[in-house]
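# Geometric and topological summary
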Amino acid sequence: AQVIFIPSASPARGLTPRTDDHAGPSSLERWERLARDIASEHGVFTSIVHLVGAEGGKTFPGGSIVAGPKGDVKLRAPMWEEAIATVTLDTSELTRARVEMPLLTDLQTMLPHLVRTIEKIQLDEAPTLTYDPASTNGASRGNVSAPSSPARVKRSDEKANANGEETVVPSRISVTAAPTSVVGPASLDIDPALTADWLVSFLREELKLRGFTKGVIGISGGVDSAVTAFLAARALGPTNVIGIRLPYRTSSPDSLAHAQLVIDQLGTEGRTIDISSAVDGYLSNEPEADPARRGNVMARMRMISIFDQAAKHHALPLGTGNKTERLLGYFTWHADDSPPINPLGDLFKTQVWALARHLGVPEEIVGKPASADLIEGQTDEGDFGISYARADQILNWLTSGYAAADVEAHGFSRDEVALVQKRLSGTHWKRKLPTVAMVSGTAIGEAYLRPVDY
């Protein structure tokens, strides 16, 4: 073999900054390391060709590579876009590499001995090792010969066999494994430039698949909607992004002002729709509604407005909810999480803040306490009873498969872990579509599936 071709449809995974000098998802680094190791071990060229594009939320990164027989990279294709990349390979490199690392030659020499040993093992015959002082010509069939050795002192574990010959009885060695330590989940640190490029590619591809060129975003004045707007402006162009401010009469004036900052800085189309009369019209019939119910009505009224404006502009609503909110169930069902695509849904809140600073979101927005702004004076962390920084770390451990005890052993109190774990396990229903009673053989999502659903 001279070249091994590996076509790959492996989705991109991992935002942690890479350990080498090249940008890209963590999964791409692993593929590259594998290609180089295969090429080096076998003395061949290795070409890994990665799929490009997005489907069902999975983004395929491109970044194909060709590795040489010494483990060097001959070619790297660009990420996030289709490309025809050409490289000329010199097959004389194979000869030179195999001379320096003659693994195949070694195997050919030792193969007969290896086969005989395997046969003996299969017959349950332990291979014997006999020393013949008269032999000086290496191996002979059935025995491994060696020059005679000097006399030695009989060890305590040696015994005489039936013929009076001394044989060595193998010593039994007890090995105690060292106690294992918990390695921990992947870091929450991200490569913000990589993250931005990844999510821009996701938005561009997903809108194209659905036949849209425009996106509608409810811009609240918070960091999540601001980051989504910045990404959408890059992916679609500012003129194809419609930013909508949706204040209620008790909304913070800062929220309106900060939302306008985003619209002005990006140069997107902006509109303000006051939802007070619509919300009050319904709540006038429900005078006993508590603040939580009133907040849910506001959130759902905002989503009604966003979907209606999307229909008006033939645009797609873009979601803004982050992973922390989604895992803790801190959103209004069939409101915040309703848009069909969401670039931030797999980013923890602390990662969204890091991305926001990279994108140039105004510091007035990034630095202020996060708030849904549904109740006057409300903050997210006040509602949680724990900071985003602590909650994100705990969620990262729990969703990576670690037990509560593992988390507690790494600097988190039992109360903190229990608080996060309770919200995580008690809100699964909010993260799923409605449960449908299946009564036929063609139930949607069970028997009737598109390729993207598998």
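Residues numbered from 1 in each chain as written. Predicted model: local features only at pLDDT ≥ 70, side-chain atom pairs only at ≥ 80, totals over all residues. Heavy atoms only, no water.

### Focus on the overall build of the protein
Scanning the protein from N- to C-terminus turns up 15 helices and 12 strands. Across the 454 residues that make up the protein, the buried fraction comes to 38%. Counting only contacts in the protein whose residues sit at least 6 apart along the sequence, the fraction spanning at least 24 positions is 66%. With an accessible surface of roughly 26,200 Å², the protein has 55% of that area assigned to carbon and sulfur atoms. (Helix = DSSP H or I, 4+ residues; strand = E, 2+ residues; numbered from the N terminus. Buried < 20%, exposed > 50% of the residue type's maximum accessible area, 1.4 Å probe, protein only. Contact = heavy atoms within 4.5 Å. Areas by Shrake-Rupley, 256 points an atom, 1.4 Å probe, with all protein chains shown as cover.)

### Things to note about the environment of T213
Note on placement: T213 falls in the loop between α4 (192-210) and β9 (215-218). It is 9.1 Å that separates the C-alpha atoms of T213 and V241, two residues lying 28 residues apart in sequence. Residues within four places of T213 in sequence aside, it is in contact with L207, L236 and N240.

### Overview of the side chain of T427
For T427, the position within the fold is in the segment after α15 (414-425). Of the residues examined, T427 reaches a relative accessible area of 11% and is grouped as buried.

### Description of the sheet that holds strand β1 (residues 3-8)
Strand order in this open sheet of 4 strands is β1-β2-β5-β6, and the pairing throughout is mixed. Because the sheet does not close on itself, it has two edges, and the strands there are β1 and β6 (73-76). Sheet twist, expressed as the average angle between the axes of neighbouring strands with direction ignored, equals 10°. Relative to strand β5 (residues 65-67), strand β2 (residues 45-50) runs antiparallel, the two being bridged by 3 bridges. Its bridge partner lying in β5, S47 is registered against V66. On the sheet, helix α1 (residues 26-42) packs against β1, β2, β5 and β6 and is oriented at approximately 155° with respect to β2. (Pairing = 2+ DSSP bridges. Axes fitted to C-alpha atoms, helices over the stretch in contact; angles between N-to-C directions.)

### Quick notes on the pairing of β6
Sheet topology note: the β5/β6 ladder contains 3 bridges and is antiparallel. Each residue of the ladder has a partner; that of A67, found in β6, is V73. Connecting the antiparallel pair β5 and β6 is a turn made up of 5 residues, with G71 showing a positive phi of about 85°.

### Quick look at a nonpolar patch on the surface
Nonpolar side chains collect at one region of the surface, where V3, F5, V87 and L89 lie side by side and expose about 320 Å² of accessible area between them. Within the fold, L89 resides in the loop between β6 and α2 (92-100). (Patch = residues over 30% accessible without salt bridge, like charges linked within 9 Å, V, L, I, M, F, W, Y side chains within 5 Å. Salt bridge = Lys/Arg side-chain N within 4 Å of Asp/Glu carboxyl O.)

### Structural notes on the nonpolar core
Core analysis: the biggest nonpolar cluster contains 61 residues, and V227, L231 and L355 have the highest contact counts within it. At the level of elements, α4, α5 (223-236), α6 (253-266), α9 (323-328), α10 (349-359), α11 (363-366), α13 (388-399) and α15 are the ones that each hand at least two residues to this core. At 10 residues, α5 tops the list of elements feeding residues into this core. V227 has contacts with L344, V352, L355, A356, L359 and V361, leaving out every residue within four places of it along the chain. By size, the runner-up hydrophobic cluster in this structure holds 18 residues, among which are A289, M298, M303 and A315. (Core = buried A, V, L, I, M, F, W, Y, C linked by side-chain atoms within 4.5 Å.)

### Re α10
Among the residues of α10, those classed as buried are K349, Q351, V352, W353, L355, A356 and L359. As for α10, its buried residues are in contact with α4, α5, α9, α11 and α13. A positive phi of about 90° marks G360, the residue just after α10.

### Overview of the packing of α5 against α6
Between α5 and α6, the shortest axis-to-axis distance is 10 Å and the interhelical angle comes to 15°. Taken together, the axis directions place α5 and α6 in an arrangement best described as roughly parallel. In the crossing of α5 with α6, the sense of the turn from one axis to the other is right-handed. Between α5 and α6, the contacting residues are A226, A229, F230 and A233 on the first element and V262, Q265 and L266 on the second. (Parallel < 35°, antiparallel > 145°, perpendicular 65-115°, else oblique. Left-handed = near helix turned anticlockwise from the far one by under 90°.)

### Quick notes on the pairing of strand β3 (residues 52-55)
Taken together, the 4 bridges between β3 and strand β4 (residues 58-61) define a ladder with antiparallel strand orientation. Considered in β4, the bridge of V52 is made with P61. Two successive antiparallel strands, β3 and β4, enclose a turn made up of 2 residues, where G56 displays a positive phi of approximately 60°.

### Re the packing of α13 against α15
Helix-helix packing is described using two parameters, namely the angle between the two axes and the distance between the axes. One way to put it is that α13 packs onto α15 with a least axis distance of 10 Å and a crossing angle of 65°. For the element pair α13 / α15, the angle class is roughly perpendicular. Where α13 crosses over α15, the two elements pack in a sense that is right-handed. Where α13 abuts α15, its residues R390, A391, I394, L395, L398 and T399 lie against E416, V417, V420, Q421 and L424. Counted by class, the contact of α13 with α15 contains 7 nonpolar, 2 polar and 2 charged residues. (Nonpolar A, V, L, I, M, F, W, Y, C, P; charged D, E, K, R; others polar.)

### Examining the pattern of salt bridges
A pair can form between side chains of opposite charge whenever their charged atoms are brought close. For the structure shown, the criterion picks out 14 salt bridges. Across the pair R76 and E32 runs a salt bridge whose closest N-O atoms are separated by 2.6 Å. Of this pair, R76 sits in strand β6 while E32 sits in helix α1, and the two are 44 residues apart along the sequence. Owing to a relative accessible area of 7%, E32 belongs among the buried residues under this scheme.

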